[in-house]
Amino acid sequence: MVFDHQHIQNLLDNYFEGQTSIADEQQLQQFFQQKNIPEPFQPYAGWFQFVTTEQAQSIGPDFLPQLRQQIAVEEKPRAATKVLRLPPVIQRIAAITIGIGLITWLWSSEVQQPPTAKAIDWSQYEPDTPAEAMAIYQRTMMKVSVHLNQGVTKASGKLQKIEDLGAYFK
Amino acid sequence: MRLLHFLFTVCILSCLSVPLTAQSDNINAIDRYFTKYVDDERFSVVYISGRLFNMLGSLDKETVHLDTQEDADALMRIAKNLEGLRILTADQDAQGLYAEAKSKIELSVYEPLMTIRNKDGSNIELLVRETKGKIKELLMLGGGEEFFLLSFIGDLDLTDISDLANDMNK
């Protein structure tokens, strides 16, 4: 097939200006497929041979899986954000447990508080004079001291017995 | 976020419980547990207020019937720190009243100091209520020939009471 060099030059000019039709481009590809390409057109030969080779290739059935695999490999791993999602049953059990705990705590706090005391007018039970108050205070302290000493004496006696027993077994 | 809500609720409840606890610090055992005894005809009730205790210091020395001046000084030293003394006594069913009273006292509030059980069946119980490491109330409960309940309120020093007891029983 003989090509008119001027015609090829016109086609090339149109090609690089984006003015060529598919038929024009096919003519250019045919031109650059020949073995002896004239020297002025040799710089364009590589490009048109590449286009011809690429168009000849078709997409095989394994193209899409390969592409996905490649994307998966190239895709950067996302930052690890772990959201703890408990099963609904566990969530309910946890909510009930917290509820029971809170109620128990409130109940125990209430129990520890003293019962609401009826206001007592203590002034009506006061002695009339400081001397009378002194006598009562003195008698009360005497009672406290008697029992305090009684307890201490008993405790000392028990301790002495334990010490005596300890000495016996030594 | 839910955890924050929970913690916020707990904080609010804790804050609410603080005034109640603070209020309960000033309540004596009789106001706390035995208001019904005060109105009961079987009981004799005596109250010496802090104001009366302050007046005891101005009494003549002759009014204080103690063997030594040291005893009198110790007695007045204790009185100086007392804010109130409440006394309940009853002649009937002393053992029953003792058991009932003892069961009402919360051991989470009052710490037993001494328990004396005599062969004749009489019982004495000494308890203290502390706030911030200081004894704020001394409670004495007795059930033998008569039932008695003594509640000393104020800044109490057991050493002073013990010293007085030793001196008085010499």
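About the cut-offs
Numbering of residues starts from 1 in every chain and runs along the sequence as written. As they are written, the chains are lettered A onward and the ligands numbered 1 onward, keeping that order. In view of the model being predicted, local features appear only for residues whose pLDDT reaches at least 70, and side-chain atom pairs are presented and counted only at 80 or more, with totals across whole chains, interfaces and linings using the full set of residues. Helix and strand assignments come from DSSP, with helices taken as H or I runs of at least 4 residues and strands as E runs of at least 2, each series counted from the N terminus. Three exposure classes are used, based on other C-beta atoms lying within 10 Å of a residue's own C-beta, which is placed from the backbone: buried for 20 or more, exposed for 12 or fewer, and partly exposed in between. By definition, residue pairs are in contact when their C-beta atoms, positioned from the backbone, come within 7 Å. Structural elements are reduced to axes, namely lines fitted to C-alpha atoms, with helices fitted over the stretch in contact, and the angle between N-to-C directions of any two is expressed from 0 to 180 degrees. Angular relationships are summarised with four words: roughly parallel below 35 degrees, roughly antiparallel beyond 145, roughly perpendicular across 65 to 115, and oblique for the angles in between. In a left-handed crossing the near helix is turned counterclockwise from the far helix by less than a right angle, and in a right-handed crossing that turn is clockwise. Note on residue classes: Ala, Val, Leu, Ile, Met, Phe, Trp, Tyr, Cys and Pro are nonpolar, Asp, Glu, Lys and Arg are charged, and everything else, Gly too, is polar.

1. Overview of the overall build of chain A
Along the backbone of chain A there are 6 helices and 0 strands. For chain A, the N- to C-terminal ordering of α and β elements is α-α-α-α-α-α. Out of the 170 residues in chain A, the part that is buried amounts to 9%.

2. A closer look at the overall build of chain B
Across its full length, chain B carries 7 helices and 6 strands. The order of helices and strands in chain B, counted from the N terminus, is α-α-α-β-α-α-β-α-β-β-β-β-α. Within the span of chain B, comprising 170 residues, buried residues form 32% of the whole. Residue pairs at least 24 apart in sequence account for 61% of intrachain contacts in chain B once pairs closer than 6 positions are excluded.

3. Points about the packing of helix α1 (residues 5-16) of chain A against helix α2 (residues 22-33) of chain A
Residue and element names in this part refer to chain A. Running from N to C, α1 and α2 point in directions that differ by 125 degrees, and their axes come no closer than 10 Å. The angle between the axes of α1 and α2 places the two elements in the oblique class. Between α1 and α2 lies a crossing whose hand is left-handed. Of the residues in α2, those touching α1 at I8, L11, L12, N14 and Y15 are D24, E25, Q27, L28 and F31. Counted by class, the contact of α1 with α2 contains 6 nonpolar, 2 polar and 2 charged residues.

4. So, unusual backbone geometry
All names here are of chain B. The phi dihedral of D93 falls on the positive side, at around 45 degrees, and the residue is not glycine. For D93, the position within the fold is in the loop between β2 (82-90) and α6 (94-104). Taking the C-beta count within 10 Å as the criterion, D93 has 13 such neighbours and is therefore assigned partly exposed. If you check the backbone angles, K132 has positive phi at about 50 degrees while not being a glycine. Summarising the element assignment, K132 is placed in the loop between β4 (123-131) and β5 (134-143). Note on K132: 6 C-beta atoms within 10 Å, which makes it exposed.

Function-wise, these values are silent; they only describe arrangement.
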